[in-house]
Every structure is written in C-alpha cells, then in structure tokens.
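Examination of the molecular architecture
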Amino acid sequence: MKYAFSFLAVIALILIAGLGSQIPGMQYFFGVAIPYLAIMLFVGGFVYRVMQWAKSPVPFSIPTTCGQGASLDFIKQDKLDCPSKTSEVVARMFLEIFLFRSLFRNTKSEIHGGPKVTYESSKWLWLFALLFHYSFLLIVIRHMRLFIDPIPFWLSAIEGVDSMLQIGAPTLYLSSLALLGGLVLLFGRRLVNAHVRYISLNNDYFPLVLIFAIGLSGILMRYFLRTNIDIINIKNLAMGLVTFSPVINVKIGAIFYIHLFLVSTLLAYFPFSKLMHMGGVFMSPTRNMANDSRAKRHINPWNDPTIKPHSYAGYEDEFREFMVDAGIPVEKELSAVQDEA
Amino acid sequence: MAVPKLEQLSKSVVQGPSLATGAIPTKDWMDIPAIFKPGNYAYPAKKEKVEYLNSQQGLHFPNAREWSPEDDDWKLPEGWKDIILKGLKERLDKFRSLKIFMDCCVRCGACADKCHFFLGTGDPKNMPVLRAELLRSVYRNDFTLGGKLLGEMAGAREMTVGVLKEWFMYSYQCTECRRCSVFCPYGIDTAEVTMMLRELLHLVGVGINWILEPASNSNRTGNHMGLQPHTFKDNVDFLTDDIESLTGIKINPSFNRKGAEVLFITPSADVFAEPGLYTAMGYLLLFEHIGLDYTWSTYASEGGNFGLFTNNELMKKLNGKMYAEAKRLGVKYIIGGECGHMWRVVHQYMDTMNGPADFLEVPKSSVTGTTFNNAASTKMVHISEFTADLIKNGKLKLDKSRNAHVKATFHDSCNPARAMGLIDEPRYILDHVLDNWVEMPENTIREQTFCCGSGTGLNTDEIMELRMRSGLPRANAVKHVIDKHDVNTLSCVCAIDRATLTSLMNYWNPGCNVCGVSELVGNALVMDGENRQELDEGLRTLV
C-alpha cells in the first residue's frame, strides 16, 4: 500500500495550503516566502547534485554499444547506436533525451510451456512517458506567460496550437488533458504490472500523485473555480516575484495557494529525489561517450602507475629450467644464473 | 546438487512460483533473506589463494579465511560494516557511473524482464533494477538526505549481515552482460553496480574460488589454466601434430620470440580443452596460410582477465603483461584471439590502465596493407577484424564446401556486442566460409544478445542448475533455429562461450556443437602443399 501514503501526503499538503493561506497575514508566507524558498532549494539543490556528480571522474570509457562500431571500411558503422565521434554522440543523446529511444526498444518477455521464451515489442511505457513529459514541458512553457510582459509571439503561438480543438470556454488545453492522462497511465502501470508494482517505492508514487494534484488544481482554477481567481492579481504576483518586488493582493482564492504550494513542494523535492534523472540522463557514461577507446586513449585521473604486472624476470626465474628444456628462449641462460650464484 | 532432469527444469521455469511466470511474492523484497544451500552458490575462495593475491604488489585481498556461505557466521572481520561503507564512499568518489546509477533510477521496470537470470530463475532480486536496489537501499541510508531523514519510507535500509549475504548471492547471479543497459532510458549498467558489489565484498574477504584461483594462476604462470611455459608450448605443439595428421601441413609456431612482427594472445582455454582447441587450430592454420611473422608468449599466455570479475587493481595487474611482453619482445602490434570479456578489458580498459603503448606501432596488416585506425592507440587488433580484412582483400583461399557438414547460427557474445560494437565482422567471415548460416530471432542477437548464462567467472559446476536456468533464453533461441532450420552448430567469438555453451547445448539442445568462428575459417582454408584427408567433420575429424 505504498501508494496510499503518497495520497495522504498530498492531501496533507493541500490542507496545509488551503487552510493556511486563509489565515490573515499568511498569504505573504504562502505566496512569496514559500515560492522563493522552493526556487532556492530547486536551483541550489540541482546545481549541488550536478556538481556532486561532476566531482567524481569517469575513470574508464564505458559506452554501451548498441550497434556495429567504427571498424573496417567495408563494415557499416551504426553511427547512432555506436557513435565514434562527438557529433554522433550528440545525435545519440538527442534521440535519447528527446525521444526516449532506449524505451522505444522495449520488449516484453514471457515464458510459455515447452519451455518457449517469447519477446514482443512493448511500447506502452515509451508512449506514456512521452505523453507525460511533453505535456508537462508544454504546460511549463505556457506558464511563462505569467512571468513575461508583454507576452511574446511564440508563446501565444504555442498556446494557439495547444488549444487547437477549441473545446469549451475558456478553451481547453490539450496538454492539460494529456498530463493528467499520462500520469494516470503511469500510475496505473505501476499498479497493474506485477514487476513494476513489486519494485515501486513511496518515492515512485509520490511525484506522480503530487504532479497530478498540481495539474488538477490548475485545471480547477482555470475552468471551474475561475470566479474566485483574479488572473490579473496572479500575474501581478508572478511578475513581482520575478522582479523581486512581490505584491500580494488579498483577493486571490485558496485554490491558487494550493496550486502554488504543491508546485513549490515539487521544486523543493526535485533535487533530492529520483526526479534528478532529468540531469543525470545527460551525464550517464554509458550513453554520452564515444566508442573510440582503442583509437584514443582515455585518461583515468586516479590510475595507479605503481601497479605492475608480475614481472617477466620473476616469471623466468621461477620457470627457467623448464623453459630452457622446452627450447623456449630466455633472457638469462642457466649457466649465467649459476655463475651469479 | 545434481542438476534436475530436463523435463523437471522445463516445467519449473514455466510453472514455478515466480515473478517471471506470474506469481507475485507476498512479502516485500527487503523482508526476504538470502538463503544459501548446496547448488545456489559458488564455492568461496580458498584461503591460500586469497593470501597469495593479497601478498602481491599493488593488490589488496584482505581477511583470508575458511568460511562457508551456508554458515550463519561468515567470520567477517572486526568493523566489517565500516569497511564496507568506507569502501562505498571511496568508490562513489572514484566512479561517476556509480553515483549517477545510484541516483537516477526511476524504477520504470524496463530492465526487469531483460535479464537472463531473472527469466531463468524468476527470482525478483534478479531483475536488474532490484539487483541495483540491493546496493541503492544502503546508499540511500548512508549517503542521501532523503534516506537519512525518512529511512525505510524512502527505500533506505541499514547495512546488515543479511544485506551483505544478499549482495554475495546476487552479485554472483549477474554476468555483467549489460543487456539491461541497452534498454534502460538512462543507460544504467548493472555491470557497474555488480562490479562495485564484488569489489566491496573482497574488502571483507568474501569471494569465490572459481574466479580467484584462475586469477592467481594467471598472475603466476601467465594464464588462468595454470599452464607452465613448457606445458603451454606442449599443448600448442600437440595441436600442430593434429593439424599435420589432418592436412599434411607442419606448422612450427614460435614462443617468446623477440623481433616478431606480431604478438598473438588468446585465452589459454583455447589451447587447453575442446572445443576451444579447434579454434586454436584455426588460428594456427590462418597465420600459416598468410605467412604471418608472429609469436606466442608463455608469459602473456592469457587473453582473458578474471581480474575484471574481482577489482580494478587485479584487472590492471593481470592485463599489464600484454604490453610488458609486447615491449620486451619488440613486436609492432598485438593480435587478440576470440574472447568476450578479454575484449571488454582490451577495448575499454587496457589503454587507460596500462597505456600509452607508444613502443608499438599503429597496427598495419603486412598482408593487405590495411591500417587498423580503430586500434590506433591500443595497438591491438581483434582476430575477426584481422580475418575479415584478409578475406575482403582476397588473401585467403577458402573452400566453403569444406564446411558442408556445418549448419550454423551465430551467438553474439555480450562484451563484443555491447562493450565494443564488434558485431558484423564475425558475420562477414561466416558469409565467406559457410554456404549458409542463419540468425537467431532478432531479440536475441546483436546488441540484444543473451549471455551464455555463465560469464564473469560463474562457469563452475557447483551452480550448474543456476547456469542452465540463466542460459535458458540463449538456449531457447538456438532451439528455435534448430527446429526451424536444422542448425547443428552454434558459432561464437568467445572462449568462455565455447566452454559454457557446450554445457548449455548438451543440456537443452543435445547434438548442437559449439565452435569458434576461427575454427570454421580453419576448416575452409585451402593450404599450399596440403595433403588433406577426407575431413567429414573438418578439424574435428578423428583420423
């Protein structure tokens, strides 16, 4: 019942923000202090984690080669899956980061009577992950309108595409639906897939529930509780936050504080959780290195030059008689060794 | 400890209560202890082997003792927990891969059913993600804020004797084959995790004999088999005798000869036992055919490197002989025989550890004039690259009909496929020495190839059932092409494979031979001045 805890935690967060923000004078705490603190934790934590990773060297060149390497002229190299140049590594990383290429490979294995092991393509995880990540990205970009004045053309264009279907008024954003849909699918997969269910931790359910609550509170605010919400006041607050001159207007409703508090929680939680895979994916040595370790020497900063092989001299000393008998050339003839002795 | 009958195991892998076949354990994995019984663990390293290694310059194998995994008390040294945690800290600081792989996993489960050990045993802790969690849970507890604050709620747990036992069980039920890493969205490589686990276990004197004894042998005698120089030479000489009686060609290979153009190094198993012997005969015939100026070495008589399965220091020390011998003999470059983990070390570690090899020249085939730019720095060429180039340039007289008895398929060994990208060279060779050969199903070859199930020093007899289980996915794919195409030969470019796949075929697919690609080359070569008998089974023919 690990997922139950995540629901409880998120409900607690909602109550804290919903009730807390209604206490007179606390709006500043929830609207200004908490977001600033969260941003500081996010940026500071993120940078700290990346620095921590960067501090450890990459002692060996260990790319996972997923195709034919650069070899003889007549052997065709798989440049994307077994890159030998930086440009090819960049292409491999691009496809990994933007299209989740490794997940695209996913298969499902089963063992049937016989026994017979079967493999079939399984792209659900890839699809759910894409759905979630891209809708989330789009939503983050859309929110930039709160922090920029005047609103740039490209942002309006993105919004235009996102609300293409023009459902309802205000128009429904496709990304909002996709985000919630993606989260439900990812969450559902954790429950339904026996393997994944068995390995899932609180830390796996919690971000899904948290982001779902963020999305839901945002949608409620935009479509259903809109009368309580003064969009002008929110934009003023957002602009104030980014220009370091925040002003709080008491008219902003509780639902906004809930939304903001959950987002702040996510930001603060991010650097200390598995969500750091966002940074880590760029730095994974099995993906971001060229497979050129025989062509170019890779340097290990802690390589210990004092570790020497068991010496040939020691070897010959132990086996000299046998070697001479067998006609294997030696550095020191038996007679020379006897003379020394 | 007897291996179960085929029917029994065939049923067990399908119906046994396991996560792979559908049953979900009722207990959380942290609450299921590792229980050792005969057959599910490899024997601990003999005390004197550990002591020998510990006595060698640059090596650290402390706490040698007699102990048994089945005992409650493993006689761990005083302060073992601090040793482990300090060791972990040190490795986090030395390996970015370890840090990133500890931090980034999202437990998406893509790796879960990619592991041959999981497919064959159904043990949840053999899902790569869970294998890594065995370490990650301890990492969280002692090295992350979340783990320190929230403990078990954040998936953290204390380092205990039980955890250590679990590490021993599951780091030796991983062959570091990297198949999971292909499917992981962050490229998390369980091999990196298992290597660290094994390093940590060695710090408290926990290791297995099947790895440490060959490694000690290799240090002292130059090869895993412990062949002394004269015996090594004798073994090769026997092969030349066999070649003479089969083909009428007398080959006189040289040993430890200074001034040769090329030093040839292959796993010692190739000169030690069938079916590797036939692969070695293939090398001898090939080099004779082109008149290569080369020498064997009895000092650097091991291509493989069991140090890779222990710790970085031992790997480096054993590998050091290759360059040391190349330098002493004054050769121009090195050719390496068919071997999987050997090429992991040569391709991804050797130059970094023991280079630069500035006393060697960029390998250039004296027969074809081809320069091997892909080996410009290590100066070591894979026999399949070397052979493919010879074929491409028409330097080999080949008669495919001499392999008429062979209906082959090809097994990509884990390391050449996933740690080197050597995939099409052997196939190119097969195309030219065989009339036809077939591929196994696409999810079981190339970068998705399945391990033989006994790599990384797990090819020991006391865990035969485990090996047959973990080898099931590979064996099953071979069975598929046996049933469909009447395949009778499983070819490969790995010495461990030649030994382990033979056991695996004998169990799951009796009648299917295992051979090295170079054996098939040797079969097909038309030698000048030959007086070849009717060889119905190529180099394997008894005359």
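What you are looking at is a predicted structure, and each value in this text was computed from that prediction instead of being measured.

Thresholds, definitions, all that
Residues numbered from 1 in each chain as written. Chains lettered and ligands numbered in written order. Predicted model: local features only at pLDDT ≥ 70, side-chain atom pairs only at ≥ 80, totals over all residues. Helix = DSSP H or I, 4+ residues; strand = E, 2+ residues; numbered from the N terminus. Rg over C-alpha atoms; globule rule 2.2 N^0.38 Å. Buried ≥ 20, exposed ≤ 12 C-beta atoms within 10 Å, placed from the backbone. Contact = placed C-beta atoms within 7 Å. Pairing = 2+ DSSP bridges. Domains from an automatic or database assignment. Axes fitted to C-alpha atoms, helices over the stretch in contact; angles between N-to-C directions. Nonpolar A, V, L, I, M, F, W, Y, C, P; charged D, E, K, R; others polar. Parallel < 35°, antiparallel > 145°, perpendicular 65-115°, else oblique. Left-handed = near helix turned anticlockwise from the far one by under 90°. Expected span 1.5 Å × (residues − 1). Bend = angle between axes of the 7 residues up to and from the residue. pLDDT = per-residue confidence, 0-100.

Topic: the overall build of chain A
Looking only at helices and strands, chain A has 14 helices and two strands in total. Computed over C-alpha atoms, the radius of gyration of chain A comes to 30 Å, more than 25% over the 20 Å expected from 2.2 N^0.38 for 341 residues, which places it beyond the range of a compact globule. Put simply, chain A has 341 residues, and 35% of those count as buried. Taking the contacts inside chain A whose residues are at least 6 apart along the sequence as the reference set, 63% of them involve residues at least 24 apart.

Quick notes on the overall build of chain B
When helices and strands are tallied, chain B shows 22 helices and eight strands. For 543 residues, the compact-globule formula gives about 24 Å, and the C-alpha radius of gyration of chain B, at 23 Å, lands near that figure. If one aligns the C-alpha atoms of chain B with their principal axes, the spans along those axes are about 75 × 50 × 40 Å. The burial tally for chain B puts 64% of its 543 residues in the buried class.

A word on the pairing of strand S2 (residues 116-121) of chain A
Residue and element names in this part refer to chain A. Pairing between strand S1 (residues 107-112) and S2: six bridges, direction antiparallel. Within S2, the residue paired with Thr107 across the bridge is Ser121. Taking the residues between adjacent antiparallel strands as the criterion, S1 and S2 are bridged by three residues, where Gly114 takes a positive phi near 135°.

Quick notes on the domain arrangement of chain B
All names here are of chain B. Assigned domains within chain B: domain 1 (6-207) and domain 2 (214-540). Look at where the C-alpha atoms of domain 1 and domain 2 centre, and you get two points 31 Å apart. Listed as interface residues are 32 residues of domain 1 and, on the opposing side, 32 residues of domain 2. Of all the elements in the fold, those that place two or more residues in the side of domain 1 that touches domain 2 are helix H1 (6-15), helix H2 (47-54), helix H5 (116-121), helix H9 (179-183) and helix H10 (190-203).

A short note on the sheet that holds strand S3 (residues 333-336) of chain B
Residue and element names in this part refer to chain B. The parallel open sheet is built from four strands, whose spatial order is S2-S1-S3-S4. Two strands bound the open sheet, and with one partner strand each, they are strand S2 (294-296) and strand S4 (380-382). Across the sheet, the mean angle from the axis of one strand to that of its neighbour is 30°, orientation sign disregarded. As paired elements, strand S1 (residues 262-265) and S3 share four bridges and run parallel to each other. Directly across from Val262, in S3, lies its bridge partner Tyr333. In the packing of helix H14 (residues 312-329) onto the sheet, contacts are made with S1, S2 and S3, and the angle to S1 comes to roughly 150°.

Topic: the sheet that holds strand S6 (residues 437-438) of chain B
Two modes of strand pairing occur in sheets, parallel and antiparallel, and in both the strands are linked by backbone hydrogen bonds. All names here are of chain B. The sheet built from four strands is open, its strands ordered S6-S5-S7-S8 with parallel pairing. Bordering the open sheet on either side are S6 and strand S8 (513-516), each of which pairs with just one other strand. Bridge count for strand S7 (residues 489-492) against S8 is four bridges, and the pairing is parallel. Residue pairing in the sheet places Leu490 in a bridge with Val514 of S8. Each of strand S5 (408-411), S6 and S7 is contacted by helix H20 (residues 472-485), which is oriented at about 160° to S5, the strand it contacts most.

Considering the interface of chain B and chain A
Bring the parts together and some accessible area is lost; that lost area is often taken as the interface size. Contact residues are listed per partner, giving 100 residues for chain B and 86 residues for chain A. If one sorts the elements of the side of chain B that touches chain A by residue count, H14 of chain B sits on top with eight residues. Among the residues forming the side of chain B that touches chain A, the class breakdown is 44 nonpolar, 29 polar and 27 charged.

Here we look at unusual backbone geometry
Backbone torsion omega between Gly114 of chain A and Pro115 of chain A reads -5°, so that peptide bond is classified as cis. Mapped onto the fold, Pro115 of chain A is located in the loop between S1 and S2. Residue Gly355 of chain B is joined to Pro356 of chain B through a cis peptide bond whose omega torsion reads -5°. We note that Lys379 of chain B has phi near 65°; this positive angle belongs to a residue other than glycine. Counting through the fold element by element, Lys379 of chain B comes out in the loop between helix H15 (340-354) and S4.

Some words on the environment of Lys116 of chain A
Residues and elements named next belong to chain A. Inspection of the secondary structure assignment puts Lys116 in strand S2. A tally of 13 C-beta atoms within 10 Å means that Lys116 is categorised as partly exposed. Once the C-alpha coordinates of Lys116 and His277 are considered, the two residues, 161 residues apart in sequence, prove to be 36 Å apart.

Comments concerning the packing of helix H13 (residues 276-290) of chain B against helix H22 (residues 517-524) of chain B
Residue and element names in this part refer to chain B. Two elements in contact, H13 and H22, have axes separated by 7 Å at closest approach and are oriented at 50°. What the angle tells us is that H13 and H22 run oblique. In this structure, H13 meets H22 at a crossing whose hand is left-handed. Listed contacts from H22 to Tyr278, Thr279, Met281, Gly282, Tyr283, Leu285 and Leu286 of H13 are Ser518, Glu519, Val521 and Gly522. In the contact of H13 with H22, the residues fall into six nonpolar, four polar and one charged.

Here we look at H15 of chain B
Residue and element names in this part refer to chain B. Taking 1.5 Å as the rise per residue, H15 with 15 residues should run 21 Å; its terminal C-alpha atoms sit 19 Å apart, in good agreement. Within H15, the axis deviates most sharply at Gln348, by approximately 50°. Buried residues dominate H15, accounting for 15 of its 15 residues.

Focus on helix H4 (residues 96-104) of chain B
Along H4 of chain B, nine of the nine residues are buried, which leaves the element largely enclosed by surrounding structure. Where H4 of chain B is concerned, the buried positions are Arg96, Ser97, Leu98, Lys99, Ile100, Phe101, Met102, Asp103 and Cys104 of chain B. Where H4 of chain B is buried, its residues meet helix H2 (27-55) and helix H12 (277-283) of chain A together with helix H3 (80-94), helix H6 (128-143) and H10 of chain B.

Description of the domain arrangement of chain A
You can read the domains of chain A as domain 1 (2-283) and domain 2 (308-341). Domain 1 of chain A and domain 2 of chain A are separated by 67 Å when their C-alpha centres are compared.

Topic: the packing of helix H9 (residues 202-224) of chain A against helix H11 (residues 254-269) of chain A
If you want to describe how two helices pack, look at the angle between their axes and the distance between the axes. Residue and element names in this part refer to chain A. Two elements in contact, H9 and H11, have axes whose closest approach is 9 Å; the angle formed by their N-to-C orientations is 155°. Viewed along their axes, H9 and H11 adopt a mutual orientation that is roughly antiparallel. Seen along the crossing, H9 lies across H11 with a hand that is left-handed. Of the residues in H11, those in contact with Leu210, Ile211, Ala213, Ile214, Ser217, Gly218, Leu220 and Met221 of H9 are Ile255, Phe256, Ile258, His259, Leu262, Val263, Thr265 and Leu266. Class assignment of the residues belonging to the contact of H9 with H11 gives a composition of twelve nonpolar, four polar and no charged.

Some details on the confidence of the model for chain B
In this model, chain B carries an average pLDDT of 96, and 100% of its residues clear a pLDDT of 70 or more. Under the prediction, the complex receives an ipTM of 0.94, its pTM being 0.96.

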